[in-house]
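The residues making up each chain are set out below.
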Amino acid sequence: MKRLRSLTAAAVAALCAGAVFAAEPADLPDTSVKALSGSPVLKAMAHELSRSMDSLRIKGRPKPYFISYLVWDVESSHMQASLGSCEMADEDRQHMLDVDLRVGDYRQDNSNFQGGIVFGPRLRLPMPQDNDTNLIRAALWAATDAKYKVAVEVLAQKRAFLTNHSTGENLPDFSKQKAPAYFHAESRTPPDTGKVKVLGRELSGWLGSFPWLLESRVGYQYYYTTFYYVDSEGARLIETVKEHTLLVSLFTQAKDGAPLWDYLRVCTRDPLPLGEGPTSMAALRDSLTPIIKRMEQLRGAVPVANYRGPVLFTGHAAGELLNKALLAPQSRLREPAGTMSEPNFMVSLAGRKFLPGEVTVIDTPSLAAWRGRSLFGHYHMDQQGQAAEDIVLVKSGRVQEFLKGKVPILPGQTHASNGHWRYGGGFPGVTVLRSSKPVPEKDLRARLASLGTDEGTGFGLIVSKLVDEDAFKLLRHPLAAQLAMTDGMDGRGSFSLTPPCEIDMLDSRTGKEGNWKVTPVRGLSFPAIDSKSLRDIAAVGEEPWLHEPQAAYSVLCPSLLFSLLDLKGSRSNQPHLPYIP
Amino acid sequence: MTLPKRLAIILSLLALPACASTDRIEARLSFYKEHLQHYLGALRKADSLTPYFLEYRVNDTVFHSFQANRGGVIEDKSGASRYLGVEARVGSPKFDNTHPMRENLDFTAWEGYQNIRIPYESEGKSAEQALKVASDFAFRAAKDQFIKIKANVDVRPAENDTGLDFAPAPSAKAVEPSPPPPPARKKLDSLYARIRRASRLFANHPQLYSTQIDFNFHQVRKLLVNSEGTSLAHCETLGNINLYVETKAQDGMILWLTRDFFFQEVPVDFPYDSLAQAAEILMRKLDTLRTAPVMETYVGPVILKNIAAAVFTHEVFGHRVEGHRQKAVDEGQTFATKINQTLTATFVSIIDDPTLASAGGIPLNGHYRYDDEGVASRPTMLMENGVFKDFLFSRSVLSPKGKSNGHGRGVLGLAPTARMGNTILQASRTVPAASLRDSLRALLKRTGKPYGLLLHDISGGFTYTGRDLPQSFRVEPLYVNQIFADGRPDRVVRGVDAVGTPLVSLRQIAAAGDDPAVFNGYCGAESGWIPVSAIAPSILLESMEFESRAKDQNMPPILTPPEVRP
């Protein structure tokens, strides 16, 4: 007993003294080694983790076999302006934490089970505003205690369930992977608050010259986030990401009262040159003018009724479609055991046709930039401390691989993480879709027109923009809430898209080939889309469009032409136009 | 010529800031008044149903907020914000859209647009746009509700409501000069350092699981204009330092204690010693509480110490005399027919007086000059020498000639209802507070009970006033002593809550001490969380019932809290 105590103490001392990495320290440059071993936050996390692994137990009950801590330190600033006035300009800093604690063993632990609800301890201590290690440790202590007690009971619930039920696919609950050390820190580049406000006032003031716009708002947000990760297998990492985003949201009502919305988003990892280049007033007005003209035109447009026919997804919409169809379902690839358990749909497609045979989809977090622009989806380590790998998700139309963390998902295989576990599940980095038979954009439109003629509609639809969550949050108008509602539900093999902000009709009945009339239309939304439709993609474009939702990942996807999709017409009862002109 | 010219110039310069400040406020009020008239005119032309009333409320809040624990900073924020609320009424003052709706779950109700953030700078286009949309939506919501309420009244059994949904009130015009702004954040460094240092006293106590010291200060300038000509600008200022300590008994019961210091100006020199002393007392008491035995259920004599008595007054009596509750038929209406009846001891009177700014040097949370309907606050005698006299009223009143008594309160965005301000229990006959123990022992002897209870402090409580559940109250004592009939030393106990019903409980007041004290807090009800006070001396109740308190079913943390390092 005495010897065990002294070993433990030595291990703790080693952690505190700076030997925080357990593997491949020679691969790290000296500055990184110093940064990791000298980080007071990481040391505090490691110390509390070690204390819990050593001593956290209830007599007669299993002790933790794995604990990980993820702390993120978010420094941010926000500005919002409307009609020439700055409405808010705040700076903020907050810390958040996530604890993964497992009891049992890698084969069977408390995870991957949906039983009832175990009401654990309520004690939670707040995280500090700055990197106060005393308060960080206190918060970790309270959270770990609560997690442990709940884990013990959940494991018991799971074991009780499995004694009376078959074990299904017999997959291990967790896997042991490498325990790397990693450090990467970008420089802080907070924006000049004065310049941000000037830009906000000036741009929002200009937007005030369109009186039919019921709401217009300019927003700027800057985030500098530092992730700290430690786990009981020895992984250690510190990684930072940052974001500079300028947003403009515009809202109005059509003549029948239907809410209309559009937006502009300019976002980069690197600082935006405020008032210059792409964010000069002239450049922003040039970008916004076609959006404003389009909205004005839509105000008087008659809404389109229910539609069935060809649809071309282009721009952001193409990337968002790929995201909802292929990437978002991978946030949960392991179905929990329990009375409602059923095989995971996405995983059941391993090796199966998902997209046309000409299509390959890769996820390549190592890609740092595209056309000179830093990519948000570029990262080195995931949030389980595993190195991000470049993988092939779909090859020649068939599902090859998944966005994997440490949780095994495929039976009968030795599991290896490919470093794609972020934000609580499988998460993409930089996803790129390519076709071996790409079609130029103008030819895509020709095919769209031809499909429309063949279908009997005489036209096809082009969807180029869906909801952007950050831009949507700028809206405060009470009628805006319904704009982001999806009409469909995500389910087995189906996914939903938010109503389009920008959708056009390409009318093959007017003009000659290559010169068809393209008119903005409104009033359409998507019911749930069956992922089988993806196999019916008629053509894929040449040039990729970049889509980076919420600055968290990147999708490079060319235009996708569907030969047949359904869209729903708009609601019959729209709110009245304003009483006060 | 009475004053030397130089002195006159100095005096006029001194006067300038106040005048300039008042001018700015007048300009702002004019902005809202002009837009109100313009938009009301537009709304009256828009539809067959028209608004008969429109009101704008704008709150400017300047705040400081600081939270410290174990020597570290959890939050340090300062800022300013401006928010807008709009009310529109459709119908008539006798019957309008605010009339209570009975038994109706409506999924198509038009949602208003409330609590809108507008720029914290001179009003311009952005504020104008917000006013336009908010006025429009407030009218649509009122119209929607009025159409539905008319049918609801016709279909349901007849109400006994002879009152008015919106009693007339004289228009009020008042512009108070701005008080001095709170100190800038930089000037609070030393105060925050002292708070932080005091919070470190909580460190390295293995049984202390959750602790915090909070500093809050906010100064709210309230503007109110309405279509009746009311135009008000006044300020409310509130600040407090709160110490909080929490532990867990071995049986899982969560135990906590708290101590507040209230102020109306930022106490930049608030002494560290006061914080340290308060922290030490809290930790000592909590430690006693943690190992105290759990009390059995009980009924018998009880002394409510002054602060506990104040909370008792608020929960047992105060909520039941909120006037609007007497109109709603699903409310218990406990006191609706009790005017001029004796309900409690003849030496007891209860008054609600929001005009009082402080008592015994302690600022009162429930002080305000104008309520949130623009009616001047005034003292209201609720219980006089044991006889029930009156209710608290907003402009929703019980009789055709009823009037608001300046108690219409609600947070921005919620319609004001009758709420308490400073609720004061006064005793015309008192005994030295210490002698209440003798009176309690006398009761114990008479009833043959082995002990009575002394409640030092109550965390708060709640009261249920609706008809579909027992119309009872529960107050949650934080620190309770048993006082033994045989004279042995008091014993601290834990694990019980006081329960009862109002009419029975009020009749139990047997004696009052000479030690009134202030309870400052926040009260939550239909119109939101508002600051209130209650003042009472210690009182002896002949009988009160205590039930077992719900207990958390999680054991204390397995590991001791991490050591705090310098």
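Here the structure is a predicted model, which means the values were calculated and not measured.

(A) Local environment of the pattern of salt bridges. Enumeration according to the criterion identifies 59 salt bridges over all chains in this entry. The residue Asp443(A) makes a salt bridge to Lys442(A) at a minimum N-O spacing of 3.4 Å. Here Asp189(B) and Lys186(B) are joined by a salt bridge, their closest N and O atoms 2.7 Å apart. Taking the relative accessible area as the measure of exposure, Lys186(B) reaches 65% and is therefore exposed. Three or more residues are tied together by salt bridges with common partners; here these are Arg474(B), Glu476(B), Asp497(B), Glu547(B) and Arg549(B).

(B) Seen up close, a positive patch on the surface. Residue and element names in this part refer to chain A. A contiguous patch of positive charge, built from Arg352, Lys353, Arg398 and Arg535, is present on the exposed surface. Mapped onto the elements, Arg398 comes out in strand β12 (residues 398-399). Looking at Arg398, the relative accessible area reads 40%, which means it is partly exposed.

(C) Structural context of the domain arrangement of chain B. Residues and elements named next belong to chain B. Split into domains, chain B comes out as domain 1 (23-60 + 79-166), domain 2 (185-290) and domain 3 (298-548). Each partner contributes residues to the interface: domain 2 has 25 residues there, and domain 3 has 23 residues. Taken over both partners, the interface formed by domain 2 and domain 3 buries close to 2,000 Å², and the fraction arising from carbon and sulfur atoms is 60%. Together, Leu238, Phe262 and Leu289 form the three largest contributors to the area buried by domain 2 at its contact with domain 3, with a combined 26%.

(D) Representation of the interface of chain A and chain B in the model. Residue-level contacts link 52 residues of chain A with 52 residues of chain B. Of the roughly 4,100 Å² buried between chain A and chain B, counting both surfaces, carbon and sulfur atoms make up 56%. Taken as a group, Trp141(A), Tyr579(A) and Ile580(A) account for 19% of the area that chain A buries against chain B, more than any other trio of residues on that side. The tally of links between chain A and chain B comes to two salt bridges. Arg201(A) is the salt-bridge partner of Glu121(B), the closest N and O atoms lying 3.2 Å from each other. One can count 22 residue pairs in polar contact (both at pLDDT 80 or more) joining chain A with chain B. Counting only elements with at least two residues in the side of chain A that touches chain B, the list comes to α3 (40-55), β2 (85-103) and α4 (133-163) of chain A. The biggest single contributor to the side of chain A that touches chain B is α4(A), with eight residues. When grouped by side-chain class, the residues that make up the side of chain A that touches chain B number 26 nonpolar, eleven polar and 15 charged.

Cut-offs and rules
- Residues numbered from 1 in each chain as written.
- Chains lettered and ligands numbered in written order.
- Predicted model: local features only at pLDDT ≥ 70, side-chain atom pairs only at ≥ 80, totals over all residues.
- Heavy atoms only, no water.
- Salt bridge = Lys/Arg side-chain N within 4 Å of Asp/Glu carboxyl O.
- Buried < 20%, exposed > 50% of the residue type's maximum accessible area, 1.4 Å probe, protein only.
- Patch = residues over 30% accessible without salt bridge, like charges linked within 9 Å, V, L, I, M, F, W, Y side chains within 5 Å.
- Areas by Shrake-Rupley, 256 points an atom, 1.4 Å probe, with all protein chains shown as cover.
- Lys, Arg positive; Asp, Glu negative; His and termini not counted.
- Charge placed at Lys NZ, Arg CZ, Asp CG, Glu CD.
- Helix = DSSP H or I, 4+ residues; strand = E, 2+ residues; numbered from the N terminus.
- Domains from an automatic or database assignment.
- Contact = heavy atoms within 4.5 Å.
- Buried area = accessible area lost by both parts, 1.4 Å probe.
- Polar contact = N/O pair within 3.5 Å; in protein donor to acceptor, adjacent residues only side chain to side chain.
- Nonpolar A, V, L, I, M, F, W, Y, C, P; charged D, E, K, R; others polar.

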